[in-house]
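# Topology and contacts: notes
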Amino acid sequence: MSSRPRQFDLIAFDWDGTLFDSTAIIVRCIQQAAVDVGAARPSDEAAAYVIGMALAPALAHAAPDVPPEKYPELGARYRHHYIAQQNVITLFPGVLPMLAELKARHHWLTVATGKSRRGLDDVLHSRQLEGVFDGSRTADETAGKPDPRMLHELMREFGVEPERTLMIGDTTHDLQMARNAGCASVGVSYGAHEPTDFEALGPRFVAHTVAELHQWLSEHA
């Protein structure tokens, strides 16, 4: 454990593709939902791009040929497919030890996610993770990424300034949100977006594994 002073008091994690190994399943669920409502099957790239966004705009972006009147059905089909598979999704190996070390160093640990409040609470409960995080914001209770409101609300809740806040995520939506909020960011390359797209958004670091992320946080957070 590092003995140096903390650089960041508040660390906000994206959920899907950053802590939770769910990218491939989300992509398949988006594709299946589009086909169910009679639309073309989105490419893997198109479906992966919208991960992290709020559900309704994400599905509309991934399946642009779905007419607005079918959006409720599209959302319902996505949730149907996701719920059927959610119990097989797990945290990435190494996430729990990383979070335990950060908690022992007294960082505020939070989640800033495009999931719904119900979706996040369900997964925290099913994986017995209640109490691991000090706070969270979901896309249905505030503005979706890359709007900075999630981070603004978390910073206000914990009384932390932007320069003492770090956002960690696997998409450009996460890193753009951090930039919009005036916060530092770290990208992870093992989720939904290609890390070559991160450079323009100025992350402090891009981790290619959870072990690399853990090491960087131990040394620099």
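Presented here is a report on the structure given in the accompanying data block. Nothing here was measured: the structure is a model prediction, and the numbers come from that model. (Residues numbered from 1 in each chain as written. Predicted model: local features only at pLDDT ≥ 70, side-chain atom pairs only at ≥ 80, totals over all residues. Heavy atoms only, no water.)

### Side note on helix H7 (residues 149-158)
What H7 keeps buried is the set Met150, Leu151, Glu153, Leu154, Met155 and Phe158. Close packing links the buried residues of H7 with strand E1 (10-13), strand E2 (108-113), strand E3 (135-138), strand E4 (165-169) and helix H8 (172-181). Positioned one or two residues after H7, Gly159 has a phi angle of 65°, which is positive. (Buried < 20%, exposed > 50% of the residue type's maximum accessible area, 1.4 Å probe, protein only. Helix = DSSP H or I, 4+ residues; strand = E, 2+ residues; numbered from the N terminus. Contact = heavy atoms within 4.5 Å.)

### A short note on the packing of aromatic side chains
Between two aromatic rings, the relevant description is the distance of the centres plus the angle of the planes. The tally for this structure, following the rule as stated, stands at 6 aromatic pairs. Seen in terms of ring centroids, Tyr78 and Tyr82 are 6.0 Å apart; in terms of plane orientation they differ by 20°. Their pairing is stacked. Separated by 4 residues within a single helix, Tyr78 and Tyr82 lie in helix H4 (residues 71-85), roughly one turn from each other. The same class applies to Tyr78 as to Tyr82, namely buried. Relative to Tyr190, the ring of Phe92 lies with its centre 4.8 Å away and its plane at 70°, an arrangement referred to as edge-to-face. Residue Phe92 is located in the loop between H4 and helix H5 (95-104), and its partner Tyr190 is located in the loop between strand E5 (184-188) and strand E6 (205-207); the two are separated by 98 residues in the primary sequence. The exposure class of Phe92 is buried, given its relative accessible area of 11%. On the basis of relative accessibility, which here comes to 19%, the residue Tyr190 falls in the buried class. Members of the aromatic cluster, each reached through a chain of ring pairs, are Trp15, Phe20 and Phe133. (Phe/Tyr/Trp six-rings, centres within 6.5 Å; stacked < 30°, edge-to-face > 60°.)

### A short note on the sheet that holds E1
Within a sheet, adjacent strands bond to each other through the backbone by hydrogen bonds, running parallel or antiparallel. Pairing within the open sheet is parallel, and its 6 strands lie in the order E3-E2-E1-E4-E5-E6. Each edge of the open sheet carries a strand with a single partner, namely E3 and E6. Mean inter-strand twist for the sheet, computed between neighbouring axes without regard to direction, equals 20°. Packing against the sheet, H5 makes contact with E1 and E2, and its axis sits at approximately 160° to E1. The strands touched by H7 within the sheet are E1, E2, E3 and E4, with E3 carrying the most contacts at an inclination of about 155°. (Pairing = 2+ DSSP bridges. Axes fitted to C-alpha atoms, helices over the stretch in contact; angles between N-to-C directions.)

### Topic: the packing of helix H3 (residues 55-62) against H4
Remark: H3 packs on H4, axes separated minimally by 10 Å, with the N-to-C direction vectors making an angle of 100°. When the interaxial angle is binned, H3 and H4 end up roughly perpendicular. Contacts between H3 and H4 involve Leu55, Leu59 and Ala60 on the former and, on the latter, Tyr71, Leu74, Gly75, Tyr78 and Arg79. Within the contact of H3 with H4, the residues separate by chemical class into 6 nonpolar, 1 polar and 1 charged. (Parallel < 35°, antiparallel > 145°, perpendicular 65-115°, else oblique. Nonpolar A, V, L, I, M, F, W, Y, C, P; charged D, E, K, R; others polar.)

### Considering the pairing of E3
Across the two faces of E3 the burial is the same, with Gly135 and Arg137 and Ser136 and Thr138 all buried. Examined bridge by bridge, E2 and E3 share 4 bridges and lie parallel to one another. Within E3, the position partnered with Thr113 by the bridge is Thr138.

### Considering the environment of Leu120
As for its position among the elements, Leu120 is in helix H6 (residues 117-126). Counting along the chain gives 91 residues from Leu120 to Ala211, while the straight-line C-alpha distance between them is 24 Å.

### As for the pattern of salt bridges
Taken as a whole, this structure holds 13 salt bridges when the rule is applied. Measuring nitrogen to oxygen at the nearest pair gives 2.6 Å for the salt bridge that ties Asp174 to Lys145. Of this pair, Asp174 sits in helix H8 while Lys145 sits in the loop between E3 and H7, and the two are 29 residues apart along the sequence. A single burial state applies to Asp174 and to Lys145, both of which are buried. One salt-bridge network, held together by shared partners, links Arg6, Asp9 and Arg164. (Salt bridge = Lys/Arg side-chain N within 4 Å of Asp/Glu carboxyl O.)

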